Amino acid sequence: MTDYASRLSRAREAVAAHGIDVALLGTGAEFAYLTGSWVSSHERLTCLVLRPDAEPEIVAPSTDIESLKCVDAELRGWKDGEDPYALALEGLSPHHVALGSTLTADHVLRFQALLDGASYVLATDALSELFTRKDADEIDQLRTAAHAIDAVHIEVPRLLQPGRTEAEVAEDLRQLILREHSAVDFIIVGSGANGANPHYDYGDRVLSAGDPVVVDIGGTLPSGYHSDCTRTYVVGGDVAAAPADFGEAYAVLEKAQAAGRAAARPGVSAQEIDRVTRQIIEEAGWGEHFTHRTGHGIGLSTHEEPFIMEGNGLELTESMAFSIEPGIYVPGKWGMRLEDIVVTTAEGHESLNQAPRELR
């Protein structure tokens, strides 16, 4: 609880530094980071209210107040039929308002109706220094998560046997992920042409010897921190059985991903890392087939800042955690992706994932 009190204090300081009169954050990862609570009140408003000149408050349905009593904030309960939005803004006439990224449109519109003439920013941006820089305990959790998903990837080659379906492999992966995590976040088993869809999941396609397979998996630890790691495999134990151009492209992908990891260090912008990986793939003639950003931040959310992509000039600082995951996708033929989670250090970076990166 000392950690959460400190985070709330620093959040108020950030609100003041950005000239924000009030920050309103709904439930989810931002709320949990600052309070330690993953409470969910469904469509009813639960809101953390941060002001530079007052102690933190939480406005929540009376049905959920009991579960929030461990939070170091003033609790203000409301009953069905009362106006929680007016309660959250009671005594305030704010001009500059920060809204949490998880507040849905129904909540935002009701706040806006009470805030005539106010200007708005995303609380995620205003508090980015808190959310993007991980403390030592958070990095330990992410390291544990990375080791947990690495342990699953070690088992993948034995699962990818000719005659099995993607769905059968996915079910085995589900059980393996749950041995190491408290929940499964996602499973992608994209074989053959299915691997050319970066956000495919899995289906009834039957694996054949020589099929390339993209396996992207992630889970949640009891602490709420996430794992996320992608490796690409060839069915049947003989990588030479893959399509003729596949091995050549994979060598390019390995080089690009290694260069992206090497570029990850404080002082470099997020878009510079994207450019490093993309340039290698483009120069090798595969540029049109690299169709997504190079990476994303990770923590209590699977996807968060810093987003490693063109147009994001955010300068990386020490203790930021994010993925490096370039890919090459040829529609109708095959796909490949290679992903590690890294954390920036004073000297450069630490790669949290250590599962083999070579084609297996």
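All values derive from a computational prediction rather than experimental measurement.

A. Molecular detail of the pattern of salt bridges. The tally for this structure, following the rule as stated, stands at 23 salt bridges. A salt bridge links R7 to D135; its shortest N-O distance comes to 3.1 Å. In this pair, R7 is assigned in helix α1 (residues 2-17) and D135 in the loop between α6 (128-132) and α7 (136-159), connecting sequence segments 128 residues apart. We note a salt bridge from E90 to R76, for which the minimum N-O separation is 2.4 Å. One end of the pair, E90, is in the loop between α3 (84-88) and β5 (96-99); the other, R76, is in strand β4 (residues 74-78), and 14 residues separate them in sequence. In this structure E90 comes out as partly exposed when scored by relative accessible area, which is 47%. Taking the relative accessible area as the measure of exposure, R76 reaches 17% and is therefore buried. Members of the salt-bridge network, linked through shared partners, are R231, R261, D340 and R357.

B. Layout of the nonpolar core. The biggest cluster of nonpolar side chains holds 37 residues, and the ones touching the most others in it are L25, L34, L48, L50, I58, L68 and L127. It is helix α2 (residues 29-35) that contributes the most residues to this core, 5 residues altogether.

C. Structural view of the UniProt feature "domain: Creatinase N-terminal" (unreviewed entry) in the chain. Taking the numbering used here, the UniProt-annotated feature "domain: Creatinase N-terminal" (unreviewed entry) corresponds to residues 7-127. As annotated, residues 7-127 comprises 31% helix and 25% strand, and the C-alpha atoms at either end are separated by 10 Å.

D. Structural view of the environment of P306. Along the polypeptide, P306 turns up in strand β11 (residues 304-308). Exposure remark for P306: the relative accessible area of 0% places this residue in the buried category. Between the C-alpha atom of P306 and that of R179, which follows or precedes it by 127 residues, the distance is 29 Å.

E. View of the UniProt feature "domain: Peptidase M24" (unreviewed entry) in the chain. In the UniProt entry, the feature "domain: Peptidase M24" (unreviewed entry) is given for residues 141-345. Taken end to end, residues 141-345 is 32% helix and 24% strand, and its first and last C-alpha atoms sit 16 Å apart.

F. Local environment of the side chain of D216. Along the chain, the position of D216 falls in strand β8 (residues 212-220). One polar contact links D216 to T230, side chain to side chain, over a distance of 3.0 Å. Of note is the side chain of D216, whose polar atom sits 3.0 Å from the side chain of R337. In this structure D216 touches F186, I187, I188, D228, C229, T230, R337 and E339, once residues within four positions along its chain are discounted.

G. Molecular detail of helix α4 (residues 105-114). Those residues of α4 lying buried are H107, V108 and F111. Burial along α4 is one-sided: seen end-on, the buried residues are contained in an arc of 95°. Of the residues in α4, the exposed ones pointing more than 90 degrees away from the buried face are A105, L109 and A113. Buried-residue contacts for α4 involve β1 (22-25), β2 (47-51), α3 and β5.

H. Broad picture of the packing of helix α9 (residues 246-263) against helix α10 (residues 270-283). Between α9 and α10, the shortest axis-to-axis distance is 8 Å and the interhelical angle comes to 160°. Taken together, α9 and α10 sit at an angle that is classed as roughly antiparallel. In terms of crossing hand, the pair formed by α9 and α10 is right-handed. Contact residues: α9 offers V252, L253, K255, A256, A259, G260 and A263, while α10 offers I273, V276, T277, I280 and I281. Across the contact of α9 with α10, the residue classes break down as 9 nonpolar, 2 polar and 1 charged.

I. Geometry of the sheet that holds strand β6 (residues 119-122). The strand order across the open sheet formed by 6 strands is β4-β3-β2-β1-β5-β6, and the pairing between neighbours is mixed. The sheet is open, and its two edges are formed by β4 and β6, each paired on a single side. The mean angle between the axes of side-by-side strands here comes to 25°, regardless of whether they run parallel or antiparallel. Where strand β3 (residues 54-61) meets β4, 5 bridges bridge the pair, whose relative direction is parallel. Paired with E57 across the two strands is E74, which belongs to β4.

J. Structural context of unusual backbone geometry. Residue P306 is reached from E305 by a cis peptide bond, and omega for that bond is 5°. Its identity is not glycine, yet H42 carries a phi of approximately 60°, on the positive side. In this structure, H42 sits in the loop between α2 and β2. Overall, the relative accessible area of 66% leaves H42 in the exposed class.

Conventions adopted
- Residues numbered from 1 in each chain as written.
- Predicted model: local features only at pLDDT ≥ 70, side-chain atom pairs only at ≥ 80, totals over all residues.
- Heavy atoms only, no water.
- Salt bridge = Lys/Arg side-chain N within 4 Å of Asp/Glu carboxyl O.
- Helix = DSSP H or I, 4+ residues; strand = E, 2+ residues; numbered from the N terminus.
- Buried < 20%, exposed > 50% of the residue type's maximum accessible area, 1.4 Å probe, protein only.
- Core = buried A, V, L, I, M, F, W, Y, C linked by side-chain atoms within 4.5 Å.
- UniProt positions renumbered as here; feature names shortened; annotations may be inferred.
- Polar contact = N/O pair within 3.5 Å; in protein donor to acceptor, adjacent residues only side chain to side chain.
- Contact = heavy atoms within 4.5 Å.
- Arc of directions from axis to C-beta.
- Axes fitted to C-alpha atoms, helices over the stretch in contact; angles between N-to-C directions.
- Parallel < 35°, antiparallel > 145°, perpendicular 65-115°, else oblique.
- Left-handed = near helix turned anticlockwise from the far one by under 90°.
- Nonpolar A, V, L, I, M, F, W, Y, C, P; charged D, E, K, R; others polar.
- Pairing = 2+ DSSP bridges.

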